[in-house]
Protein chains: 2
Amino acid sequence: MPRDRIRLKSLWDRITDAEEAALHVRDGMTVGMSGFTRAGDAKAVPAAVAARALHDPLKITLMTGASLGGNVDRELTEAKALARRLPFQADPTLRSAINRGEVMFIDQHLSETVELLRSRQMGPVDVAIVEAAAITEEGGIIPTTSVGNTATFAILAEKVIVELNLSQPAALEGLHDIYIPTRRPHRDPIPVLQPESRPGLPYIPVDPAKIAAIVVTDRTDSAASILPGDADTAAIAGHLTEFLQSEVRKGRLGPSLSPLQAGIGSIANAVMQGLADGPFSGLTMYSEVLQDCTFDLFDAGCLRFASGSSITLGAERQRDVLNRIEHYKPKLVLRPQEVSNHPEVVRRLGVIAVNTALEFDIYGNVNSTHVGGTHMMNGVGGSGDFARNAYMSIFVTKSLAKGGTISSVVPMVSHVDHCEHDVDILVTEVGLADLRGLAPRERAATIIRNCVHPSYRELATDYFKAASARGGHTPHLLEEAFSWHLRLRETGSMLPREMVRA
Amino acid sequence: MPRDRIRLKSLWDRITDAEEAALHVRDGMTVGMSGFTRAGDAKAVPAAVAARALHDPLKITLMTGASLGGNVDRELTEAKALARRLPFQADPTLRSAINRGEVMFIDQHLSETVELLRSRQMGPVDVAIVEAAAITEEGGIIPTTSVGNTATFAILAEKVIVELNLSQPAALEGLHDIYIPTRRPHRDPIPVLQPESRPGLPYIPVDPAKIAAIVVTDRTDSAASILPGDADTAAIAGHLTEFLQSEVRKGRLGPSLSPLQAGIGSIANAVMQGLADGPFSGLTMYSEVLQDCTFDLFDAGCLRFASGSSITLGAERQRDVLNRIEHYKPKLVLRPQEVSNHPEVVRRLGVIAVNTALEFDIYGNVNSTHVGGTHMMNGVGGSGDFARNAYMSIFVTKSLAKGGTISSVVPMVSHVDHCEHDVDILVTEVGLADLRGLAPRERAATIIRNCVHPSYRELATDYFKAASARGGHTPHLLEEAFSWHLRLRETGSMLPREMVRA
Ligand SMILES: CC(C)(COP(=O)(O)OP(=O)(O)OC[C@H]1O[C@@H](n2cnc3c(N)ncnc32)[C@H](O)[C@@H]1OP(=O)(O)O)[C@@H](O)C(=O)NCCC(=O)NCCS
Ligand SMILES: CC(C)(COP(=O)(O)OP(=O)(O)OC[C@H]1O[C@@H](n2cnc3c(N)ncnc32)[C@H](O)[C@@H]1OP(=O)(O)O)[C@@H](O)C(=O)NCCC(=O)NCCS
C-alpha cells in the first residue's frame, strides 16, 4: 500500500521508522517542519525527536508554517528541546515557556519567514520534516492538508524526511499549487491574478537524493479547536453583513464583493459563516486558513472558489471534506503561505481582510498578540500581511472578555500589532465603526459610540474628554493610558470597584 | 513664451490669473494639489484661495502628495480654510492647528491615498490644482519636480487647474513615468521590474475639456530645510556603512547592495551621503524623495540610477540640478507615489529601506510621528510602505534629543508606527543593533547595549531587568512604561533629578 504512493521506486529503501528517522535531527540544528494551523503537520518524527530528547538532551530551532497539531509543541517543550521557535504557535505549554523566557519565540509576518531564509538572513535549514500524500515519479512531494512553508523548507534543507500519511486521501494530489518566487534581483511578478490562478507545480520539486528517510503514518490531523458561534458572534456577523450590503448598495462593491480573507479563531469563523445569510453570491476567498466556514459557504452555494494555505477543520467537517475531496477540489487551491499572504497579491486582488483582535483602542490601534501588553497568546500570524495591504481591513472582537472584567476596547492598547493606518473597520457585538477617512479624534468618537460595551462607555468617554482637553492629534493621558489594564491586574476587573458593585 | 509650452493651442484661451482660477475652489470641496515634500507644488492658486478665504470664508478638504512648499499650508490654516488635510504635512502652523484639533488630519501610508479614491472609499475629487512644465499636443500634463498623487488627482477630478511654471526647465519633459495601476478586480502586475523600468507615459493623460484654467507662474520650489550632517550623523553613517560592508563580505549582498530607499529629513540625508565613503559601486535607489544625497552619490560616481516621486533639494543643489537636468535625466525617473512606494514593487526589488525614528523602544517598536504619544510631527509618510515590505528595514535616529533631556530610546514608545516585525536594524550614533531573528528579550539586550546613550543605559537596564522578573514574551511594567515620558513633562528631562545633578 504505502509503496503505491512512492512512485519513485528508488526511494523505497528509504522507508524506516520514526525513531530511526529522528536520528537525523541533532543538537543545535535548524529544523523546518510542515504544518499550518494543525493541518498537514509531521506527526511521528517530531514526537520521536521529543521522546529521544527526554533522555538524550538536544536543543533545536524549530520553524513551521504556523501552529502544529497533536502535542508536538508541548512534547518538544516538555523535553526542553526547543531553543528557538518561529514564526507562530498556539500551544499552551509552549506559550508558557515562551512567556517565562525559556524558549525564544520569533513572531513573524507569515509571508516573510522563507524570504529571510532565501536571502540567507536566517538559516541554513539542516533538516526538513514534511508530511506527504504521495511522492511522484521524479521524487516530487505531494503535500497534504497544508502547504505552509513546507516547499521552501524542503527545497533549502540539507536533508528531507518525508512522513507519508496514509490517512490523507491520495486524491489530495492536484489540490496544491507550488509557486516559488524567483530570486532577487531578478524577481518576476507573482503570476497570481485571481484566486484561482495556478502558476505553479502540483508538487514540491526536491532532489530525491536529499530524501534521507520516509516514515509511514496514518494519524489524522488534529481537529480545529473552534467554538460554535453564540449571540455575540451572530451580532458581529449581522453588523458586518449589513455594512457590506450597504457598500454594495453604494456601488463600491458588487454582489460577489472582493476576495475574502478570514483570520483564525472562533470569532472570525462564526462571522464568516454569518455571510451565508447575506444576499451575496459568487464569493471568493483569498485566505490563509480555510476553516469550517469556507465549506459552510460552499454548501450554502454562495462561495465560488477558495484559495488558502491550509484546510483546518472540526472533526466532523474534516471527515466529510476528506471523503468528498473530489467534490470540493475544483473549487480549491492550497499555496505556499508566502503566496497566499503575499503583499503583492493581497493588494492586487483587493482582499477584504477579516481578522480578530484581542483588544483595540479608541483610536483604532489593534493588539492581536500580547495579553496585558506582555504575555504572548499565539503570534501576529498572517494578520499583518493582509491588514496592511487589503482593500479593506476589518478587525472583529467581542466587546468584553472574561465575563466582563475585561473591556476589549481600551484607552490605549498595551501592545500594537496593527496601527490605525491599517485598520478600516472595527466590529464588536455592540456595533460597527467605519473609520475610513477619519482623523483620530473622529475615530475615537465613533469607536466609543459604536463598539464599546455600555458598561465601559462612560469610562471611555471620560478618558477621551480629559485627554482631548490636554490637546494633541491623538489625545492621551500617558499617566492613565494603561489604568484599565493596571486595575485589572490589581482588582481582577477593569471596572472601578464602585461600578462593579453597582 | 508660455504659449510655447501649451502645445494644444485650443487651451490658450484658458490662461487666466490665479485669483480668477481660484474661484473654481468653493466651500465644502475636496481639492487635490500637486506637491511632494516641497517639490512641484502649485504655488499661485492655493495662495489665492487662502487670500480669498480671509474675507470670504470657505473650508475644504485638501489632499496632496506629501508636504507643500512656500507657505501654502500656513496661509490656508491661518485663513481657516482647511477642514481636513491628508495624507502628510510638515508645516509648523498647520501642525499646531492639527494638534489643537482644529484641522482633521488623516495620516496615511502614502501609497494608499489614491487607492482609496479610485475605489470610491474616499472622494470624489472636485478640483485638481497641478503644477506643469508643459502641456502636450493632446492636452497631457508634464509634471515638474514631483509626481506625487498628481496624476490620479487630475484623472479623477471634475476640473483641473494647471499652473504652468516657467521657472521649471522645459527639459524636465521625459523625466516622468506615469503608470496607473489598472482597476480591480482585473488588476495586472505593476510592470516595474527594476528601478529603471518605464512602463508608463511621460505625461499625465487628461481630457483637455476638464482643464478649466491655466495660470502662468515663475516661482521656484521652496528649498529643502535640511541641516548639514554633524558628528552624530557621521557616526550613524559609519555604523551603517560598516554593517552593509559586512553583509557584502558574508555574501548576502553584492557590492551594489539592493535598491536603496532613504526617508526624509536631515538624518537620513546625512546617512545616505555617508555611503559615498563606503566601498560600494553601481548603487541604485528606489525611493520616494530624492534629496541632496542622491546627487552627491551620483557625483561621487557610486550611484547608477535613482527612481523617486520627487526631487527636493537645498537651494544650491536645486539650481545646479535644474541647470544640468539633461546630464542627470538618463539616470532618473519620477513616478506616482503609488508606484514609487508600492508594496508589490518594494518587495519585488528587495529594497533596503532607511527611515528616521523620533523614538524607538527597547523591543524595536518605532514611533515616527507622535511627540509624547499625542502631538503630530509630520506623519507616517511612506515609511510604512517601505518598512513592511523591504528586504531590510533600517531605522536611524540620534540617541538623544533636545540637549540630552530626551532619550530617543525608551522603555516603551508612546505611539507605534512600525511594530517590531517591521524593524530589522536600528542605528544611533552609539552603535547598531541587528535584530534579525531575535526574540524580544534578545532584542532588548542588544538595543540597550548598542543603541542607548550611556547616560540612559543604566536606567534602561534597570527597567528591562525589573520587567523581565515579572515575565512575559515582551516584558514590561505597564505602570512604569511611560515613566520617562512623564518625567520629561514634569521636570523637563527624562533623566531623574539626581542624575541630572550628578
Ligand atoms: C486574537 C485571537 C487570540 C482570538 O482568538 P479567538 O479564538 O477568535 O477568540 P476568543 O474570544 O476565544 O479569545 C481567545 C482567548 O483570548 C481571551 N481574550 C479575548 N480578549 C481578551 C483581552 N482583551 N484581554 C485578555 N484576554 C482576552 C479570551 O478570553 C480567550 O481566552 P481563553 O482561551 O482562556 O478562553 C486569535 O484570533 C489570534 O491569535 N489572532 C492573531 C493571529 C491572526 O490574526 N491570524 C490571522 C491570520 S490567520
Ligand atoms: C522622524 C522625523 C521627524 C525626523 O526628522 P529629522 O529632520 O531627520 O530629525 P531631527 O533630529 O531634526 O528631528 C526633528 C525634530 O524632532 C525632535 N525630536 C527628535 N527626537 C525626538 C524625540 N524622541 N522626542 C521629541 N522630539 C524629538 C528634534 O529635536 C527636532 O526638533 P526641532 O524641529 O524642534 O529641532 C522625520 O524623519 C519624519 O517626519 N519621519 C516620518 C515620515 C517618514 O519617515 N517618511 C519616510 C519616507 S519619506
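Residues numbered from 1 in each chain as written. Chains lettered and ligands numbered in written order. Predicted model: local features only at pLDDT ≥ 70, side-chain atom pairs only at ≥ 80, totals over all residues. Heavy atoms only, no water.

By the naming in an unreviewed UniProt entry, chain A is Succinate CoA transferase, taken from Rhodocista pekingensis. Turning to chain A, the UniProt record has this under Sequence similarities (unreviewed entry): "Belongs to the acetyl-CoA hydrolase/transferase family." (UniProt positions renumbered as here; feature names shortened; annotations may be inferred.)

Asker: Hey, could you run me through the overall build of chain A in this one?
Answerer: Secondary structure assignment for chain A yields 19 helices and 27 strands. For chain A, the C-alpha radius of gyration of 23 Å lies close to 23 Å, the compact-globule estimate for 502 residues. The principal-axis extents of the C-alpha atoms in chain A amount to approximately 75 × 50 × 45 Å. Here chain A holds 502 residues, and 65% of them are scored as buried. Carbon and sulfur atoms make up 52% of the accessible area of chain A, which amounts to about 16,200 Å² in all. Of the charged side chains in chain A, 51 are positive and 59 negative; the average position of the first set lies 2 Å away from that of the second. (Helix = DSSP H or I, 4+ residues; strand = E, 2+ residues; numbered from the N terminus. Rg over C-alpha atoms; globule rule 2.2 N^0.38 Å. Buried < 20%, exposed > 50% of the residue type's maximum accessible area, 1.4 Å probe, protein only. Areas by Shrake-Rupley, 256 points an atom, 1.4 Å probe, with all protein chains shown as cover. Lys, Arg positive; Asp, Glu negative; His and termini not counted. Charge placed at Lys NZ, Arg CZ, Asp CG, Glu CD.)

Asker: Please clarify how the side chain of Thr61(A) should be interpreted in this entry.
Answerer: Residue and element names in this part refer to chain A. With respect to the helices and strands, Thr61 occurs in strand 3 (residues 60-63). On the basis of relative accessible area, Thr61 is assigned to the buried category, the value being 14%. Contact partners of Thr61, with chain neighbours within four places excluded, come to Met29, Thr30, Val31, Arg84 and Leu86. (Contact = heavy atoms within 4.5 Å.)

Asker: Any chance you could explain the confidence of the model for chain A here in plain terms?
Answerer: If pLDDT is low for a region, its predicted coordinates should not be looked at in detail. The predicted model of chain A averages 97 in pLDDT, with 99% of residues at 70 or higher. Across the assembled chains, the prediction reports ipTM 0.97 with pTM 0.98. (pLDDT = per-residue confidence, 0-100.)

Asker: When you look at the sheet that holds strand 25 (residues 409-410) of chain B in this model, what are you seeing that I'm missing?
Answerer: Note on sheets: strands pair through backbone hydrogen bonds, and any given pair is parallel or antiparallel. Strand order across the open sheet formed by 3 strands is 19-18-25 (chain B), with mixed pairing between neighbours. Looking at the sheet topology across the chains shown, the edges are occupied by strand 19 (366-367) and strand 25 of chain B. (Pairing = 2+ DSSP bridges.)

Asker: Before we go on, may I ask you to explain the site of ligand 1 in this structure?
Answerer: Residues and elements named next belong to chain A. The environment of ligand 1 is formed by 24 residues, the closest being Glu288, Asn355, Leu358, Asn378 and Lys402. In this structure, an oxygen atom belonging to ligand 1 sits 3.3 Å away from a main-chain N or O atom of Ser266. Between ligand 1 and the protein, one listed contact pairs an oxygen atom with a backbone N or O atom of Ile267 at 3.4 Å. Calculation on ligand 1 without its partners gives an accessible area of 960 Å², and the protein chains cover 78% of this total. Looking at side-chain class alone, the shell around ligand 1 contains 9 nonpolar, 12 polar and 3 charged residues. (Near = heavy atom within 4 Å. Polar contact = N/O pair within 3.5 Å; in protein donor to acceptor, adjacent residues only side chain to side chain. Nonpolar A, V, L, I, M, F, W, Y, C, P; charged D, E, K, R; others polar.)

Asker: For this particular structure, what's the right way to read the site of ligand 2?
Answerer: All names here are of chain B. In the region of ligand 2, 24 residues are neighbours, and Glu288, Asn355, Leu358, Asn378 and Lys402 sit closest. The contact in question runs from an oxygen atom of ligand 2 to an N or O atom on the backbone of Ser266, over 3.3 Å. Contacts to ligand 2 include Asn378, whose side-chain N or O atom sits 2.6 Å from an oxygen atom. Protein chains bury 78% of the 950 Å² of accessible surface belonging to ligand 2 in isolation. Only helix 8 (266-274) and strand 17 (352-356) provide two or more residues apiece to the shell around ligand 2. When its residues are assigned to classes, the shell around ligand 2 shows 9 nonpolar, 12 polar and 3 charged.

Asker: So what exactly am I meant to see when it comes to helix 17 (residues 483-491) of chain B here?
Answerer: Since the α-helix turns once every 3.6 residues, residues separated by three or four places project in the same direction. All names here are of chain B. Those residues of helix 17 lying buried are Trp484, His485, Leu486 and Arg487. In this structure, the buried residues of helix 17 make contact with strand 18 (359-361), strand 24 (406-407), strand 25 and helix 16 (454-470). Downstream of helix 17 by one or two residues, Gly492 has phi in the positive range, about 85 degrees.

Asker: Help me understand the relation of the copies chain B and chain A in this model?
Answerer: For the pair of chain copies, the relating operation is a rotation around an axis with a shift along it. Taken as rigid bodies, chain B and chain A are interconverted by a rotation of 180 degrees and an axial shift of 0.0 Å, the fit giving an RMSD of 0.0 Å. With respect to symmetry, the two chain copies, as superposed, fit the operation of a two-fold axis. Closest approach to the rotation axis within chain B is made by the C-alpha atom of Glu344(B), at a distance of 2.1 Å. (Least-squares fit on C-alpha atoms with pLDDT ≥ 70 in both.)

Asker: Is there a simple way to think about the sheet that holds strand 9 (residues 159-165) of chain B in this case?
Answerer: All names here are of chain B. With parallel pairing, 8 strands are arranged side by side in an open sheet as 1-10-9-6-2-3-4-5. Unpaired on one side and paired on the other, strand 1 (15-16) and strand 5 (104-105) mark the two borders of the sheet. Taken together, the 2 bridges between strand 4 (residues 82-86) and strand 5 define a ladder with parallel strand orientation. Its bridge partner being in strand 5, Arg84 is matched across the sheet by Met104. Contacts from helix 2 (residues 45-55) reach strand 2 (30-33), strand 6 (127-132), strand 9 and strand 10 (211-217) within the one sheet, and its direction differs from that of strand 9 by about 115 degrees. (Axes fitted to C-alpha atoms, helices over the stretch in contact; angles between N-to-C directions.)

Asker: Honestly, helix 10 (residues 315-323) of chain B in this entry has me stumped. Any pointers?
Answerer: All names here are of chain B. Within helix 10 the residues assigned to the buried category are Arg317, Gln318, Val321 and Leu322. Looking straight down helix 10, one finds that the buried residues subtend no more than 120 degrees of arc, so they occupy a single side. Facing away from the buried side of helix 10 by more than 90 degrees, the exposed set consists of Glu316, Arg319 and Asn323. In this fold, the buried residues of helix 10 make contact with helix 9 (292-299) and helix 11 (325-328). (Arc of directions from axis to C-beta.)

Asker: Before we go on, may I ask you to explain the UniProt feature "domain: Acetyl-CoA hydrolase/transferase C-terminal" (unreviewed entry) in chain A in this structure?
Answerer: UniProt's feature table lists "domain: Acetyl-CoA hydrolase/transferase C-terminal" (unreviewed entry) at residues 325-459 of chain A, given in the numbering used throughout. Between the end C-alpha atoms of residues 325-459 of chain A the distance is 52 Å, and the span holds 29% helix and 25% strand.

Asker: Please explain the interface of chain B and chain A as it appears in this structure.
Answerer: The accessible area lost on association of the parts is a frequent measure of interface size. Taken residue by residue, the interface counts 73 residues in chain B and 73 residues in chain A. Roughly 6,500 Å² is buried in total at the junction of chain B and chain A, and carbon and sulfur atoms are behind 51% of that figure. It is Arg347(B), Arg388(B) and His473(B) that lose the most area in chain B upon contact with chain A, and together they represent 13% of the buried surface on that side. For the pair chain B and chain A, the interface holds 8 salt bridges. (Buried area = accessible area lost by both parts, 1.4 Å probe. Salt bridge = Lys/Arg side-chain N within 4 Å of Asp/Glu carboxyl O.)

Asker: Help me understand the packing of helix 8 of chain B against helix 9 of chain B, please; the structure alone is not making it clear to me.
Answerer: Residues and elements named next belong to chain B. Closest axis-to-axis distance for the helix 8/helix 9 pair is 8 Å, and the angle between their directions is 10 degrees. Classified by the interaxial angle, the pair formed by helix 8 and helix 9 is roughly parallel. In this structure, helix 8 contributes Asn269, Met272 and Gln273 to the contact, and helix 9 contributes Asp292, Cys293, Asp296 and Leu297. Here the contact of helix 8 with helix 9 is composed, by residue class, of 3 nonpolar, 2 polar and 2 charged. (Parallel < 35°, antiparallel > 145°, perpendicular 65-115°, else oblique.)

Asker: Quick question: what am I supposed to make of the environment of Thr113(A) here?
Answerer: All names here are of chain A. Tracing the chain through its elements places Thr113 in helix 6 (residues 113-118). Exposure remark for Thr113: the relative accessible area of 0% places this residue in the buried category. Between the alpha carbons of Thr113 and Leu86 there is a distance of 8.3 Å; along the sequence they are 27 residues apart. If we ignore the near neighbours within four places in the chain, the residues touching Thr113 are Leu86, Pro87, Gln108, Met122 and Asn149. Polar side-chain contacts of Thr113 include one of 2.9 Å to the side chain of Gln108.

Asker: In this structure, what is going on with the nonpolar core? I would like to understand it.
Answerer: The tendency in soluble globular proteins is for nonpolar side chains to be buried as a group. Ranked by internal contacts, the top residues of the largest apolar core, which has 73 residues, are Phe360(A), Leu426(A), Ile447(A), Phe360(B), Leu426(B) and Ile447(B). Those elements that provide at least two residues to this core are strand 25 (409-410), helix 16 (440-450), helix 17 (454-470) and helix 18 (483-491) of chain A together with strand 25, helix 15 (440-450), helix 16 and helix 17 of chain B. Beyond its immediate stretch of four places on either side in the chain, Ile447(B) contacts Phe360(B), Asp361(B), Ile362(B), Tyr363(B), Gly364(B), Val409(B), Leu426(B), Ala433(B), Leu435(B) and Val452(B). By size, the runner-up hydrophobic cluster in this structure holds 72 residues, among which are Leu116(B), Ile135(B), Leu334(B) and Met392(B). (Core = buried A, V, L, I, M, F, W, Y, C linked by side-chain atoms within 4.5 Å.)

Asker: Even after reading the chapter, I still don't get the pattern of salt bridges, so can you show me in this structure?
Answerer: When charged atoms on two side chains of opposite charge get close, those side chains can pair. Considering all chains together, one arrives at 66 salt bridges over all chains under this definition. With a closest N to O distance of 2.9 Å, Arg436(A) and Asp434(A) form a salt bridge. Taken together, the shared-partner salt bridges connect Glu115(A), Arg118(A), Arg184(A), Arg187(A), Glu338(A) and Arg347(B) into one network.

Asker: Just checking my understanding: could you explain the UniProt feature "domain: Acetyl-CoA hydrolase/transferase N-terminal" (unreviewed entry) in chain A for this structure?
Answerer: Feature annotation in UniProt places "domain: Acetyl-CoA hydrolase/transferase N-terminal" (unreviewed entry) on residues 15-215 of chain A, given in this structure's numbering. Annotated as 22% helix and 19% strand, the span residues 15-215 of chain A places its first and last C-alpha atoms 6 Å apart.

Asker: Looking at this structure, I do not really get the packing of aromatic side chains. What am I missing?
Answerer: The description of an aromatic ring pair rests on the distance of the ring centres and on the angle between the ring planes. Residue and element names in this part refer to chain A. Taken as a whole and judged by the stated rule, the model has 11 aromatic pairs over all chains. With a centroid separation of 6.4 Å and 70 degrees between ring planes, the pair formed by Tyr363 and Phe464 is classed as edge-to-face. Of this pair, Tyr363 sits in the loop between strand 18 (359-361) and strand 19 (366-367) while Phe464 is found in helix 17, placing the two residues 101 residues apart along the sequence. With relative accessibility at 14%, the residue Phe464 sits in the buried group. Among the aromatic side chains, those forming a connected cluster through ring pairs are Phe295, Phe298 and Tyr328. (Phe/Tyr/Trp six-rings, centres within 6.5 Å; stacked < 30°, edge-to-face > 60°.)

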